[in-house]
Amino acid sequence: MKKVVCLITAIMLCISLASFAFADADVEFVPSISYKGAPEVVGGGTINDPNGTSSGEVPMDHLLITPLAEAETSTKIPAEARDELLYVYDELNKGNMKLPYSGEVDASKMIVRDLFDVSWICDDGHKELVALPGVTVTLTFDIGIPANTDVVVMTYINGTWSEIVSVKNNGDGTITCVFEDFCPVAISVPVPDGGSSDTGDKSNITLWVVLLAVSSVAVVAMVVLRRRELMK
């Protein structure tokens, strides 16, 4: 029985260390990022010419937003886009890749709350149009962000993360971004006061409840076994 208790204790220690290692990673993610849905595109999108003037609407049925949570199961996302999204998440999570926050942003106080891919799923003239130099696409996402909250949006293009300069917090839970191309997208916000996320995620609490339950069962089993040995 002592061996069983030792084994359980070792497992608990490993899980605890793993959770701390995650918290100490170079890039932190909200715990719910692994099962968060795709942000909703509000009001469609517009294609802009090199002067920034709208020159057409984005055909929304040709646009696919795939969150990290659905990358491995989606049958619509192009294989290359899927692999790239999973790759950047893995590299960021391991600390092998860093988001290049500007000097005005304290990276240690930022947390990635959304990671998703934006892809064309139809090879038509719009795809070629956006690929032209200077042509951009404006999209508005509903991410439930509080008004006046600083938000940083980055895109992963040609193996490099770059911050989108034109990002507006509209004050109604939405943000408007101007994209040069479609690719993996990371949305970061400041860590809420107290270091807790506003997503309502309870994964850490659940972890400790499970650990407490396992340890309690082990203690009870040890006590029962001990009493049986004394009664012999």
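Everything here concerns the structure above.
The structure contained in this document is the topic of the report that follows. (Residues numbered from 1 in each chain as written. Predicted model: local features only at pLDDT ≥ 70, side-chain atom pairs only at ≥ 80, totals over all residues. Heavy atoms only, no water.)

Here we come to the overall build of the protein chain. The helix and strand tally for the protein chain stands at four helices and 10 strands. Ordered by position from N to C terminus, the α and β elements of the protein chain give α-β-β-β-α-β-α-β-β-β-β-β-β-α. For the protein chain, with 232 residues in total, the buried portion stands at 35%. Across the protein chain, the fraction of contacts at a sequence separation of at least 24, relative to all contacts at a separation of at least 6, is 75%. Carbon and sulfur atoms make up 56% of the accessible area of the protein chain, which totals about 13,500 Å². (Helix = DSSP H or I, 4+ residues; strand = E, 2+ residues; numbered from the N terminus. Buried < 20%, exposed > 50% of the residue type's maximum accessible area, 1.4 Å probe, protein only. Contact = heavy atoms within 4.5 Å. Areas by Shrake-Rupley, 256 points an atom, 1.4 Å probe, with all protein chains shown as cover.)

Moving on, we get to the pairing of strand S2 (residues 54–57). Remark: a regular strand shows side chains that alternate across the two faces of the sheet. Examined bridge by bridge, strand S1 (residues 40–48) and S2 share three bridges and lie antiparallel to one another. Bridge pairing in S2 places threonine 46 opposite glutamate 57. (Pairing = 2+ DSSP bridges.)

A few words on the sheet that holds strand S7 (residues 160–163). Taking strand neighbours across the sheet as the criterion, the five strands line up as S3-S4-S10-S6-S7 in an open arrangement whose pairing is antiparallel. Of all the strands in the sheet, the pair left with one neighbour each is strand S3 (63–67) and S7. On average, each strand axis in the sheet is tilted by 30 degrees relative to the strand beside it, whichever way the strands run. Bridging between strand S6 (residues 152–157) and strand S10 (residues 184–190) involves four bridges; their strand directions are antiparallel. Bridge pairing in S10 places methionine 154 opposite alanine 186. In the packing of helix H2 (residues 79–94) onto the sheet, the strands contacted are S3, strand S4 (110–120), S6, S7 and S10, and the crossing angle to S4 comes to about 165 degrees. (Axes fitted to C-alpha atoms, helices over the stretch in contact; angles between N-to-C directions.)

So, on to H2. Over its 16 residues, H2 runs 23 Å from end to end, which matches the ideal 22 Å to within 8%, given 1.5 Å per residue. All of the buried residues in H2 are Ala81, Leu85, Val88, Tyr89, Glu91 and Leu92. Contacts from the buried residues of H2 go to S3, S4, S6, S7 and S10. Just downstream of H2 lies glycine 95, where phi reads positive at about 85 degrees. (Expected span 1.5 Å × (residues − 1).)

In this structure, Leu139, Phe141, Trp161 and Ile175 are the most contacted members of the largest nonpolar core, which totals 47 residues. Elements represented by at least two residues in this core include exactly S1, S3, H2, S4, strand S5 (136–142), S6, strand S9 (174–179) and S10. Those residues in contact with leucine 139 that lie beyond four places of it in its chain are Val41, Gly44, Gly45, Leu63, Val118, Ile175, Thr176, Cys177, Phe179 and Phe182. (Core = buried A, V, L, I, M, F, W, Y, C linked by side-chain atoms within 4.5 Å.)

Next up on the list: the sheet that holds S5. Note on sheets: strands pair through backbone hydrogen bonds, and any given pair is parallel or antiparallel. Pairing in this open sheet of five strands is antiparallel, and the strands run S2-S1-S5-S9-S8 from one edge to the other. Of all strands in the sheet, those with a lone pairing partner are S2 and strand S8 (167–169), marking the two edges. Strand after strand, the sheet turns through a mean of 20 degrees between neighbouring axes, direction not considered. Note: S1 against S5, six bridges, orientation antiparallel. Bridge pairing in S5 links threonine 46 to threonine 138.

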